[in-house]
Amino acid sequence: YDAKRTGVPTRLYSSELRRRATAQLQLHGALRRALAREEMHLAYQPVLDLVDGGIVAFEALMRWDNPQLGRVPPSRFIPAAEETGLIIELGDWALAAAAAQGRRWADLGAPVAVAVNISSRQLADAALPARVERIVADAGLDPEYLVIEITETALIEHDEQAARSLSALSDLGAAIALDDFGTGYSSFARLRRLPIGIIKIDREFVAGLGADPDADAIVTAMVGLAQGLGLLVTAEGVETPEQLSALSELGCTHVQGHLLGRPQSAAEATRTLLNQSALPPG
Ligand code: C2E
Ligand code: MG
Ligand code: MG
Ligand code: MG
């Protein structure tokens, strides 16, 4: 921008820039200390089998509560963690915490998968699979109960390393889910070439179901693609009974969203899990 030509007084303009830069520095500084100060925790959102309604997994979602900044949403601190490289440390922490929780659920006799989000920079790190292997072993979690969620963008940014890392993670026994499907650019060839077992339809498309013919067509095509390739398909952001029944008719296999369960504390998630397994079969 040319501050003079847009009519913004230069002094105000630069003070606004300075304010933003200061805020960003404050965020980075606070983020750097967040783990040591135990300001991070994971919330767990259930993923349900659409046929029998049972919980098959919990997605671990990072939460940050800072005394000065309040609750900072992941949409703000995950990009900051990526920029600063702190995502590696935070990502390892999330993997370890989720794996430990997965182990606790198995110990309670209610084994369920834990899904952990991995960002672009983590996927670019060639040492990731070895660290995941160690983290899961330290937690005593059967790797079959780990799901790694990656985005299309991460795949495209690090094509070759991503392919190697995903193969190694898949060889460990972890399942790979392609998150926010439809918002980025995934070629069908890539879906076949990589060991992806689950696609997660972004809530942007789920939101339009039954109201927007384009959304109906897109979700129908995505579910058809998943079925054709033998993949599981989870619809994200399911908020209404109408969306749920539309997804059921289309043959979607799994659902996740506020209608079925919000992200919740580990203790609440445990109660949710144990209550449903106490239900009589059928
Ligand atoms: P995501 O992996 O696609 O996670 C789903 C997001 O949708 C979560 O937002 C969840 O709270 C929200 N959500 C679930 N059901 C509904 C619904 O019915 N309606 C609406 N409106 N929203 C719903 P959240 O927790 O704010 O996380 C946002 C994003 O931040 C995640 O998107 C993920 O990309 C990233 N993220 C969160 N935790 C981690 C993490 O530990 N590591 C990394 N790398 N990224 C993370
Ligand atoms: Mg996710
Ligand atoms: Mg998603
Ligand atoms: Mg999303």
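Summary of the structure given here. None of the values given here were measured: they were computed from a predicted structure.

Rules of the game
- Residues numbered from 1 in each chain as written.
- Chains lettered and ligands numbered in written order.
- Predicted model: local features only at pLDDT ≥ 70, side-chain atom pairs only at ≥ 80, totals over all residues.
- Heavy atoms only, no water.
- Helix = DSSP H or I, 4+ residues; strand = E, 2+ residues; numbered from the N terminus.
- Buried < 20%, exposed > 50% of the residue type's maximum accessible area, 1.4 Å probe, protein only.
- Contact = heavy atoms within 4.5 Å.
- Areas by Shrake-Rupley, 256 points an atom, 1.4 Å probe, with all protein chains shown as cover.
- Lys, Arg positive; Asp, Glu negative; His and termini not counted.
- Charge placed at Lys NZ, Arg CZ, Asp CG, Glu CD.
- Donors = N, O, S within 2.8 Å, 3.2 Å for Na, K, Ca; no water.
- Polar contact = N/O pair within 3.5 Å; in protein donor to acceptor, adjacent residues only side chain to side chain.
- Near = heavy atom within 4 Å.
- 1 Å grid on protein atoms, 1.4 Å probe; cavity = no way out; pocket = protein on both sides within 12 Å on 5 of 7 lines; lining within 4 Å.
- Sits in = over half its atoms within 2 Å of the grid points.
- Nonpolar A, V, L, I, M, F, W, Y, C, P; charged D, E, K, R; others polar.
- Axes fitted to C-alpha atoms, helices over the stretch in contact; angles between N-to-C directions.
- Left-handed = near helix turned anticlockwise from the far one by under 90°.

Attention now moves to the overall build of the protein chain. Secondary structure assignment for the protein chain yields 12 helices and 9 strands. By principal-axis analysis of the C-alpha atoms, the protein chain measures approximately 70 × 45 × 40 Å. Burial status across the protein chain gives 44% buried among its 282 residues. Within the protein chain, contacts between residues at least 6 apart in sequence are counted, and of these 66% link residues at least 24 apart. Within the structure as shown, the protein chain displays about 14,300 Å² of accessible surface, and the carbon and sulfur contribution to it stands at 53%. With 25 positive and 36 negative side-chain charges, the protein chain shows a spacing of 12 Å between the two charge centroids.

Our next topic: the coordination of the magnesium ion (ligand 3). Distances from the magnesium ion (ligand 3) to its protein donors, namely D179 (OD), D180 (OD), E236 (OE) and E236 (OE), fall within the range 2.1 to 2.4 Å. The sequence pattern formed by the donor residues of the magnesium ion (ligand 3) is D-D-x55-E. A gap of 4.1 Å separates the magnesium ion (ligand 3) and the magnesium ion (ligand 2), which D179 links by coordinating each metal. One end of the pair, D179, is in strand β6 (residues 175-181); the other, E236, is in the loop between β8 (232-235) and α11 (241-250), and 57 residues separate them in sequence. Of the two residues, D179 and E236, both sit in the buried class.

Below, the discussion takes up the coordination of the magnesium ion (ligand 2). Distances from the magnesium ion (ligand 2) to its protein donors, namely E59 (OE), N117 (OD1), E149 (OE) and D179 (OD), fall within the range 2.0 to 2.2 Å. The sequence pattern formed by the donor residues of the magnesium ion (ligand 2) is E-x57-N-x31-E-x29-D. On the basis of relative accessibility, which here comes to 3%, the residue E149 falls in the buried class.

For the rest of this paragraph, the subject is the side chain of N66. As for its placement among the helices and strands, N66 is situated in strand β2 (residues 55-66). Residue N66 is classed as buried on the basis of its relative accessible area, which comes to 7%. Looking at N66, its side chain comes within polar contact range of the main-chain nitrogen of Q68, at 2.9 Å. Look past the residues within four positions of N66 in its chain and what remains in contact with it is A30 and E39.

On to the site of ligand 1, then. If you check the shell around ligand 1, you find 21 residues, and the closest are R63, N117, D179, E239 and H258. At 3.0 Å, a side-chain N or O of R203 approaches an oxygen atom of ligand 1. Protein contacts shield 81% of the accessible area of ligand 1, which totals 800 Å² for the unbound molecule. Here ligand 1 is seated within the largest pocket. For the shell around ligand 1, the elements supplying multiple residues, two or more each, are β2, α2 (74-84) and β6. The biggest single contributor to the shell around ligand 1 is β2, with 4 residues. For the shell around ligand 1, the per-class residue count stands at 7 nonpolar, 7 polar and 7 charged.

What follows is about the packing of helix α3 (residues 87-107) against helix α5 (residues 128-139). Contact geometry for α3 and α5: axes closest at 9 Å, N-to-C directions at 35°. Along this stretch, α3 crosses α5, giving a crossing that reads as right-handed. On α5, the residues touching I88, D92, L95, A96, A99, A100 and R103 of α3 are L128, R131, V132, I135 and A139. Residue composition of the contact of α3 with α5, grouped by class: 9 nonpolar, no polar and 3 charged.

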